[in-house]
Amino acid sequence: MFDTAIAGSLPKPAWLSETEKLWPQWKLAGPELQQAKADATLLWIKAQEDAGLDVVGDGEQSRQHFVHGFLEQVEGIDFENKVTMGIRNNRYDAQVPQVIAPLKLKGRVHAFEAQLARAHTKKKLKFTLPGPLTIVDTVADRFYGDKKKMAFAFAELLNQEALALQADGVDIIQFDEPGFNVYMQDAVDWGVQALEIAARGLSCTTAVHICYGYGIKANNDWKETLGQEWRQYAQVFPALAASSIQQVSLECYHSHVPPDLMALLKDKDVMVGVIDVASDVIETPEQVADTIGIALQHVPRHRIFPCTNCGLAPMSREVAVKKLEALAQGAALARQRYGQTAGGVAP
């Protein structure tokens, strides 16, 4: 009950890359970089285990960015001639690669880090991939001329890698779709359908992470414009409730998301964001347990999975470790508070 996990990313050590940046530059190259990525992955697996998390991940230590880390292994994408483009509905500008030809995987994308992580933990292993809708919002299209068509092409590639990750021993495959909270109608019209293509044939647990973004200034400023109630989830949750995706995440702690929106997910597992990624203030176990208690008013206890609101990549390493510990300690307190005989929607 209340198994804990992070959303996905964790800060990169200073000896691997620049720190506290969303698109950090690597400090090494060639075999030395590959070894450093492996070392960082093992460091964070140990840190997650030491903190007491139930589900661990690779912390995305081998990826410069959660989207572009996948795209680097895709043919038909020009990384040499990046262009500046507004992403997330022009919330901020980013240097993005261009799609210039039919998309095709060069080979395996994340075999190295997935197999490394699987070999070094006995815990459940979650691995993250970018979702199709969010990918098409993070590249410049010079070939397809249609977002839906390009998203479906990316979904097929994601499916190939997801099936291979499952064969590597990954227990949970999570698709990251922050774009669902920006392009709500697209998410309903074709985004969930693209997710279904990406998850086709998987027998492991499937998840989708939907958030309001990393704790960077552009995202924080955007959230200030959303008013006292953030109801973006209300549009896409019914479509996800009708899908085959098994777990869905939402921001909860320090957000203006009405908790009753969780009920729209019906029989899905809910990854409840109990850790704020936009603040360096460390949550107390009591605060984490309180947030879980709020979720219990709308979701059965066996379907609640305490999580971080988003990735922790732009944070300092010290703060991230303390937040992992708070997540695990808060879930432990919640188990004491809300045992099988305590309140909640259902057992």
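For the structure, check the block above.
Everything quoted here is computed from the prediction, not taken from an experiment.

Here is what the cut-offs are and how they apply
Residues numbered from 1 in each chain as written. Predicted model: local features only at pLDDT ≥ 70, side-chain atom pairs only at ≥ 80, totals over all residues. Heavy atoms only, no water. Helix = DSSP H or I, 4+ residues; strand = E, 2+ residues; numbered from the N terminus. Rg over C-alpha atoms; globule rule 2.2 N^0.38 Å. Contact = heavy atoms within 4.5 Å. Areas by Shrake-Rupley, 256 points an atom, 1.4 Å probe, with all protein chains shown as cover. Lys, Arg positive; Asp, Glu negative; His and termini not counted. Charge placed at Lys NZ, Arg CZ, Asp CG, Glu CD. Pairing = 2+ DSSP bridges. Axes fitted to C-alpha atoms, helices over the stretch in contact; angles between N-to-C directions. Salt bridge = Lys/Arg side-chain N within 4 Å of Asp/Glu carboxyl O. Buried < 20%, exposed > 50% of the residue type's maximum accessible area, 1.4 Å probe, protein only. Phe/Tyr/Trp six-rings, centres within 6.5 Å; stacked < 30°, edge-to-face > 60°. Lys NZ or Arg CZ within 6 Å of the ring centre and 35° of its normal.

Q: Just give me the short version of the overall build of the protein, but keep the residues and values in it.
A: Each helix and strand counted, the protein has ten helices and ten strands in total. Rg of the C-alpha trace for the protein: 19 Å, near the compact-globule value of 20 Å for 347 residues, within the 12% margin. Over its C-alpha atoms, taken along the principal directions, the protein stretches across nearly 55 × 45 × 40 Å. Across the protein, contacts joining residues at least 24 apart in sequence account for 77% of those joining residues at least 6 apart. Put simply, the protein shows about 13,400 Å² of open surface, and 49% of that area lies on carbon and sulfur atoms. Both charge centroids of the protein, one from 34 positive and one from 42 negative side chains, sit 2 Å from each other.

Q: Outline the sheet that holds strand 6 (residues 172-176), supporting the account with residue identities and numerical values.
A: Taken in spatial order, the seven strands line up as 1-4-6-7-8-9-10 in an open sheet, and their pairing is parallel. Each edge of the open sheet is held by one strand with a lone partner, namely strand 1 (55-56) and strand 10 (304-308). Where strand 7 (residues 205-209) lies against strand 8 (residues 247-251), two bridges are found, and the strand directions are parallel. Pairing of Val208 across the sheet is with Val248, part of strand 8. Sitting on the sheet, helix 5 (residues 147-167) is in contact with strand 4 (124-130) and strand 6, with an inclination near 170° to strand 4. Sheet contacts for helix 9 (residues 285-296): strand 9 (269-275) and strand 10; angle to strand 9, the most-contacted strand, approximately 150°.

Q: Would you mind going over the pattern of salt bridges in detail, with residue names and values included?
A: This structure, assessed with the given rule, holds 13 salt bridges. Ionic pairing is found between Asp269 and Arg303, a salt bridge with its closest N-O pair at 2.9 Å. Pair noted here: Asp269 is in strand 9 and Arg303 is in the loop between helix 9 and strand 10, with a separation of 34 residues, a long-range link. Residue Asp269 is classed as buried on the basis of its relative accessible area of 14%. Taking the relative accessible area as the measure of exposure, Arg303 reaches 23% and is therefore partly exposed. Here the salt bridges share partners, and the residues they tie into one network are Arg108, Glu161 and Asp168.

Q: So what about the environment of Thr205? Which residues, and what values?
A: Tracing the chain through its elements places Thr205 in strand 7. As a C-alpha pair, Thr205 and Gln166 span 39 residues in sequence and 9.5 Å in three-dimensional space. Not counting residues within four places of it along the chain, the set of residues in contact with Thr205 comprises Asp171, Ile172, Ile173, Gln246 and Gln247.

Q: Give a detailed account of the pairing of strand 8, specifying residues and quantitative values.
A: With five of its five residues buried, strand 8 lies for the most part within the structure. The alternating pattern of strand 8 places Gln247, Ser249 and Glu251 and Val248 and Leu250 on opposite faces, both of which are buried. Examined bridge by bridge, strand 8 and strand 9 share five bridges and lie parallel to one another. Note on strand 9: the bridge partner recorded for Val248 is Val270.

Q: Quick rundown of the packing of aromatic side chains? Include the residues and the values.
A: This model, assessed by the stated rule, comprises two aromatic pairs. Judged by centre distance (4.7 Å) and plane angle (25°), the ring pair of Tyr233 and Phe237 falls under stacked. With a gap of four residues between them, Tyr233 and Phe237 both fall in helix 8 (residues 233-241), about one helical turn apart. Here Tyr233 and Phe237 have matching classes, each one buried. Positioned above the aromatic ring of Trp26 is the side chain of Lys37, whose terminal nitrogen or guanidinium carbon lies 4.7 Å from the ring centre. A cation over a ring is seen here: Lys147 above Tyr183, with NZ or CZ 4.9 Å from the ring centre.

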